[in-house]
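Residue-level structure breakdown
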Amino acid sequence: DDDDDDDAMRRRVKEAIAKDERLMRYAELSTVCDAIEEKMDGYAMEIVDANARLDGDDAASAELEAAVHELVKQITLHRATLRGKLEAYRAELGPLEEELDRDGTFASFADLETDADDLP
């Protein structure tokens, strides 16, 4: 059964990660970076949506315009904070990724995946 094979594969990967703190840190950093990127994309869409609502409302009051501009300013500041965190995490992730690649750790995962793909 493919689900059983996938479960066994996931279990082997988790066991391998648990044995290597570098892999655990790599998995954590990757997950955090993905989450931050997703949040930043969501905030970017909020800015686009807010500006579109403003552009579509010719009768928008000065009060509404000021509120939208303040919202955009706050979101932009928050995105800058997130970008700083993301860059710091990536600064740690890059060398870690190179080390895991260089010592063959990633290759062993590729072998596990290939073995799983080759299962009947």
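Here is what the cut-offs are and how they apply
- Residues numbered from 1 in each chain as written.
- Predicted model: local features only at pLDDT ≥ 70, side-chain atom pairs only at ≥ 80, totals over all residues.
- Heavy atoms only, no water.
- Patch = residues over 30% accessible without salt bridge, like charges linked within 9 Å, V, L, I, M, F, W, Y side chains within 5 Å.
- Areas by Shrake-Rupley, 256 points an atom, 1.4 Å probe, with all protein chains shown as cover.
- Salt bridge = Lys/Arg side-chain N within 4 Å of Asp/Glu carboxyl O.
- Lys, Arg positive; Asp, Glu negative; His and termini not counted.
- Charge placed at Lys NZ, Arg CZ, Asp CG, Glu CD.
- Helix = DSSP H or I, 4+ residues; strand = E, 2+ residues; numbered from the N terminus.
- Buried < 20%, exposed > 50% of the residue type's maximum accessible area, 1.4 Å probe, protein only.
- Polar contact = N/O pair within 3.5 Å; in protein donor to acceptor, adjacent residues only side chain to side chain.
- Core = buried A, V, L, I, M, F, W, Y, C linked by side-chain atoms within 4.5 Å.
- Contact = heavy atoms within 4.5 Å.
- Expected span 1.5 Å × (residues − 1).
- pLDDT = per-residue confidence, 0-100.
- Axes fitted to C-alpha atoms, helices over the stretch in contact; angles between N-to-C directions.
- Parallel < 35°, antiparallel > 145°, perpendicular 65-115°, else oblique.
- Left-handed = near helix turned anticlockwise from the far one by under 90°.
- Nonpolar A, V, L, I, M, F, W, Y, C, P; charged D, E, K, R; others polar.

A few words on a negative patch on the surface. A cluster of acidic side chains, namely Asp-1, Asp-2, Asp-3, Asp-4 and Asp-6, defines a negative patch on the protein surface. Tracing the chain through its elements places Asp-2 in helix α1 (residues 2–19).

If you walk through the whole model with that rule in mind, you get 8 salt bridges. In this structure, the salt-bridge partner of Glu-92 is Arg-25, at a minimum N-O distance of 2.8 Å. Here the residue Glu-92 occupies a position in helix α3 (residues 62–102), and Arg-25 occupies one in helix α2 (residues 21–56), the gap between them amounting to 67 residues. On the accessibility criterion, Arg-25 (31% relative accessible area) is partly exposed. Between Glu-37 and Arg-90 there is a salt bridge, with the nearest N and O atoms lying 1.7 Å from each other. Highlighted residues: Glu-37 in helix α2 and Arg-90 in helix α3, separated in sequence by 53 residues.

The next subject is the environment of Thr-76. Along the chain, Thr-76 turns up in helix α3. By relative accessible area, Thr-76 is classed as partly exposed at 43%. At 2.6 Å, the side chain of Thr-76 forms a polar contact with the backbone oxygen of Val-72.

On to the nonpolar core. Side chains of a nonpolar character, in soluble globular proteins, are inclined to be buried together. Counting residues in each nonpolar core, the largest one holds 11 residues, listed as Leu-23, Tyr-26, Leu-29, Cys-33, Ile-36, Met-40, Leu-82, Leu-86, Leu-93, Leu-96 and Leu-100. Contributing elements (two or more residues each) for this core: α2 and α3. If sequence neighbours within four positions are ignored, Leu-93 has contacts with Tyr-26, Leu-29, Ser-30 and Cys-33.

Across its 41 residues, α3 extends 58 Å between first and last C-alpha, which sits within 8% of the 60 Å expected from 1.5 Å per residue. Residues of α3 that are buried include every one of Val-68, Val-72, Ile-75, Arg-79, Leu-82, Leu-86, Leu-93, Leu-96 and Leu-100, and no others. Among the residues trailing α3, Gly-104 stands out with phi positive, at a value near 90°.

Chain-level pLDDT for the protein is 84 on average; 89% of the residues reach the 70-or-more range. By mean pLDDT, the top-scoring element of the protein is α3 (91), and the lowest-scoring one is helix α4 (residues 105–118) (66).

Turning our eyes to something else, we now look at the packing of α2 against α3. The geometry of α2 relative to α3 is characterised by a closest axis approach of 8 Å and an angle of 160° between their N-to-C directions. One finds that α2 runs roughly antiparallel with respect to α3. Once α2 is placed against α3, the crossing between them reads as left-handed. Considered class by class, the residues forming the contact of α2 with α3 number 23 nonpolar, 5 polar and 13 charged.

The next thing to look at is the packing of α1 against α2. Two numbers describe how α1 lies on α2: the axes approach to 5 Å, and their chain directions differ by 115°. Considering the angle they form, α1 stands roughly perpendicular to α2. Together, Ala-16, Ile-17, Ala-18 and Lys-19 of α1 and Glu-21, Leu-23 and Met-24 of α2 make up the contact between the two elements. Split by residue class, the contact of α1 with α2 holds 5 nonpolar, no polar and 2 charged.

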